[in-house]
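# Chains, contacts and geometry: an overview
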Amino acid sequence: MNIKRNISIIGGAGHVGLPLGMVFSSKGFKVTLIDKNKSNIKKINKGQMPFLEKNGQKLLKHIVKKKKIFATDKLNEITKSKYIIICIGTPITKNLNPNTKNFINFFYQLKKLLKKDQIVIIRSSIYPGICEKIYKIIESKCVNLSYCPERIVQGKSISELPKLPQLVSGKNKKALNESGKLFKKICKKIIFTKILEAELIKLFSNAYRYINFSISNQFYMICENQNLDFFKIRNIMRDGYSRNANIPMSGFSAGPCLLKDTMQLSSFYNHKFLLGHSAMFINENLPKFIVSKLQKKYNLKRKTIGVLGLTFKPETDDIRDSLSIKLIQLLKSKKIKTLQSDEYYISKENIKKEELIKKSDIIIIAIPHKAYKNLKIKKNKILIDIWSLFNK
Ligand SMILES: NC(=O)c1ccc[n+]([C@@H]2O[C@H](COP(=O)([O-])OP(=O)(O)OC[C@H]3O[C@@H](n4cnc5c(N)ncnc54)[C@H](O)[C@@H]3O)[C@@H](O)[C@H]2O)c1
């Protein structure tokens, strides 16, 4: 068998691994997606996307039909591939420290199957220094280790991968050259860096974004306490004043990456990453801020609160680390009657958005899915629009 154009992706049924595999497959590679999630494996092999991905469904159906991609839970399938790309999760603990145990242990399993000519590429967002540890685990079998972090925005990999520069770092020349050549097939530009540089660039990028969102969320809170409209103020700040052009809108800043990677960075810096911690306090406290403000103004025991949008960001079905869910849990813990609705995330507890609007006294636009833009909300309802969806 010619394994030169074969790629195995571990974590291949996940949000990073699957679209990456699909893009490689569309460029003529034979891709094996290896994952522990049997339910997702089943869906993928039937040509069904297990989660929302822009332009994903059509592409997956096509490549599954052409037998260019297949999913399995058998790790020993890696022996048929030249390239092994690792995209498994890198979570943090409840105490916000990196939980590296499973990630590192995985490489002891992988080592047993590795051959010396294979190229091992780590793509997950990792705690800096982990590549060195992994190298020490696998080096007696294979020394070709690269770190090529993923930098797409979730849900848009297929359109973003060809446009984004790919960072490529590696332990030796072969790892660098081979990984560079591989990613050149799907990306326009390759930027070679040292491993620690790539590890930090990935975490800095997410922390920078997370801190930026927290600035607007802090300004939003200041405005709310003065009964001022942050949306109006933000517009005036930016009007003809280019230095303020990039200030983001306020809103729930959550999901599986930004907070987690900010905390990985903080842990790496002996928990002295003060900006990162402040950003976390601001962003994670926004649900509490909203509930306290409402409690001061209204008797919430007599009100029904409807929460529109449950996912961690608009136009996704992913609720991982969603602040809307945190908001609902907070309301429920205070025994406040709560209704919920979403356009993409399916739950037995959800109701239709129109019904939610009809039955709620207070409506919180927690996540501004596009479908909410044209909703008619009567003037007698109290609307909490942190994203200024209706102002836009
Ligand atoms: N989601 C994003 O947009 C995004 C963007 C850039 C980087 N990342 C990083 O990529 C990594 C993966 O994130 P994700 O969002 O794709 O997570 P995910 O949970 O969607 O996917 C991870 C997959 O790995 C599988 N898995 C875990 N352990 C395994 C094992 N031992 N063997 C086989 N399969 C295993 C899981 O079943 C899951 O399907 C994380 O480090 C994350 O921070 C994510």
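### Some thoughts on the overall build of the protein chain
- Looking only at helices and strands, one finds 13 helices and twelve strands in the protein chain.
- When burial is assessed residue by residue, the protein chain has 52% of its 392 residues classed as buried.
- For the protein chain, long-range pairs separated by at least 24 residues make up 70% of all intrachain contacts whose partners lie at least 6 apart in sequence.
- Entry remark: accessible area of the protein chain is about 19900 Å², with carbon and sulfur atoms responsible for 54%.

### As for the site of the ligand
- Surveying the vicinity of the ligand reveals 23 residues, the closest of which are His15, Asp35, Thr90, Gln154 and Lys260.
- Within the side chain of aspartate 35, an N or O atom sits 2.5 Å from an oxygen atom of the ligand.
- When the ligand sits alone it has 820 Å² of accessible area, and the protein chains cover 85% of it.
- Partitioning the shell around the ligand into residue classes produces eight nonpolar, nine polar and six charged.

### What about the packing of helix H10 (residues 258-268) against helix H11 (residues 274-297)?
- Between H10 and H11, the least distance of the axes is 9 Å, while the angle of their chain directions is 150°. Considered as vectors, H10 and H11 are oriented roughly antiparallel to each other. In this structure, H10 meets H11 at a crossing whose hand is left-handed. For the pair H10 and H11, the contacting residues are Leu259, Thr262, Met263 and Ser266 in the first and Gly276, His277, Met280 and Glu284 in the second.
- Partitioned by chemical class, the residues of the contact of H10 with H11 number three nonpolar, four polar and one charged.

### Some remarks on the packing of aromatic side chains
- As enumerated under the stated definition, the model contains seven aromatic pairs in all.
- An aromatic cluster is built from Phe24, Phe29 and Phe183, whose rings are joined through pairwise contacts.
- One Lys or Arg, arginine 5, reaches over the ring of phenylalanine 29 and ends 4.3 Å from the middle of that ring.
- Lying across the ring of tyrosine 135, lysine 171 places its NZ or CZ 4.6 Å from the centre.

About the thresholds
Residues numbered from 1 in each chain as written. Predicted model: local features only at pLDDT ≥ 70, side-chain atom pairs only at ≥ 80, totals over all residues. Heavy atoms only, no water. Helix = DSSP H or I, 4+ residues; strand = E, 2+ residues; numbered from the N terminus. Buried < 20%, exposed > 50% of the residue type's maximum accessible area, 1.4 Å probe, protein only. Contact = heavy atoms within 4.5 Å. Areas by Shrake-Rupley, 256 points an atom, 1.4 Å probe, with all protein chains shown as cover. Near = heavy atom within 4 Å. Polar contact = N/O pair within 3.5 Å; in protein donor to acceptor, adjacent residues only side chain to side chain. Nonpolar A, V, L, I, M, F, W, Y, C, P; charged D, E, K, R; others polar. Axes fitted to C-alpha atoms, helices over the stretch in contact; angles between N-to-C directions. Parallel < 35°, antiparallel > 145°, perpendicular 65-115°, else oblique. Left-handed = near helix turned anticlockwise from the far one by under 90°. Phe/Tyr/Trp six-rings, centres within 6.5 Å; stacked < 30°, edge-to-face > 60°. Lys NZ or Arg CZ within 6 Å of the ring centre and 35° of its normal.

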